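Summary of the model geometry
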Amino acid sequence: MGVLMDYFAATDAELAAMDLDAGPAGNNWPHVDCKGWILEVEEFAAEIGGRDPSEFGEDQPLGESADPEFEGPWTVRVNAQLAETLAGLEPAQIRGYADRFLLEEWEVERLIALAGLARSAAAQGRSLYSWSSL
């Protein structure tokens, strides 16, 4: 099955009302399915946005996700620098990068959706989160 990875946006109150074990899909919450992408999101965002991934801060694990012995699922608040970089990526910019580096169309659509989610989160005062499970 692989690693499930979803990105979603929520306020603190919305997050508190969710069943984080079920993830955003299990809560019928809007999300971007990024199954199989673990590190690639930061790498793509940095390359497309003209940043170095080392500029991104640390993600903030929530609750038991901070415990190295915890077996998941894990929910983390995406660091502000990555969320800001994603929000600043425009579809044309993503497509130009994709053309140069021969990304698959599904990767392009996923990146465009993720950038749109980050923009919407910023505009609505929501934080960006990633949820993952084995």
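Relevant structure appears above.
What comes next is a walk through the structure. (Residues numbered from 1 in each chain as written. Predicted model: local features only at pLDDT ≥ 70, side-chain atom pairs only at ≥ 80, totals over all residues. Heavy atoms only, no water.)

Side note on the overall build of the protein
- The helix and strand tally for the protein stands at 6 helices and 5 strands.
- Listing every helix and strand of the protein by position from the N terminus yields β-α-α-β-α-β-β-α-α-α-β.
- Over its C-alpha atoms the protein spans a radius of gyration of 14 Å, differing by no more than 12% from the 14 Å that the globule rule assigns to 134 residues.
- With the C-alpha coordinates of the protein rotated into their principal frame, the extents come out at 40 × 35 × 30 Å.
- For the protein, buried positions account for 40% of its 134 residues.
- For the protein, the proportion of contacts with a sequence separation of at least 24, taken over those separated by at least 6, is 72%.
- Counting only carbon and sulfur atoms, one obtains 52% of the accessible surface of the protein, whose full area is about 7300 Å².
- Averaging the positions of the 8 positive and the 25 negative side-chain charges in the protein gives two centres separated by 8 Å. (Helix = DSSP H or I, 4+ residues; strand = E, 2+ residues; numbered from the N terminus. Rg over C-alpha atoms; globule rule 2.2 N^0.38 Å. Buried < 20%, exposed > 50% of the residue type's maximum accessible area, 1.4 Å probe, protein only. Contact = heavy atoms within 4.5 Å. Areas by Shrake-Rupley, 256 points an atom, 1.4 Å probe, with all protein chains shown as cover. Lys, Arg positive; Asp, Glu negative; His and termini not counted. Charge placed at Lys NZ, Arg CZ, Asp CG, Glu CD.)

Things to note about a negative patch on the surface
- On the surface, a cluster of negative charge is made up of Asp19, Asp21, Glu64, Asp67, Glu69 and Glu71.
- Relative to the helices and strands, Asp67 resides in the loop between strand S3 (60–61) and strand S4 (74–77). (Patch = residues over 30% accessible without salt bridge, like charges linked within 9 Å, V, L, I, M, F, W, Y side chains within 5 Å. Salt bridge = Lys/Arg side-chain N within 4 Å of Asp/Glu carboxyl O.)

Notes on the sheet that holds strand S5 (residues 127–133)
- Spatially, 5 strands are ordered S2-S1-S5-S4-S3 in an open sheet, and the strand pairing comes out antiparallel. Edge positions in the sheet fall to strand S2 (32–33) and S3, since each has one partner strand and no second.
- As paired elements, S3 and S4 share 2 bridges and run antiparallel to each other. Note on S4: the bridge partner recorded for Gln60 is Arg77. (Pairing = 2+ DSSP bridges.)

Description of the pattern of salt bridges
- Within this structure, the stated rule accounts for 5 salt bridges.
- In this structure, the salt-bridge partner of Glu14 is Arg126, at a minimum N-O distance of 2.6 Å. Residue Glu14 is located in helix H1 (residues 12–16), and its partner Arg126 is located in the loop between helix H6 (105–124) and S5; the two are separated by 112 residues in the primary sequence.
- The closest approach of N and O atoms between Arg51 and Glu55, which form a salt bridge, is 3.0 Å.
- Overall, Glu55 belongs to the partly exposed group, its relative accessible area being 41%.
- Through salt bridges with shared partners, one network takes in Arg95, Glu105 and Glu109.

Notes on unusual backbone geometry
- With an omega of 0 degrees, the peptide bond between Gly72 and Pro73 qualifies as cis.
- When you line up the elements, Pro73 lands in the loop between S3 and S4.
- Its identity as a non-glycine residue notwithstanding, Asn28 has a phi of 55 degrees, on the positive side.
- Tracing the sequence through the fold places Asn28 in the loop between helix H2 (23–26) and S2.

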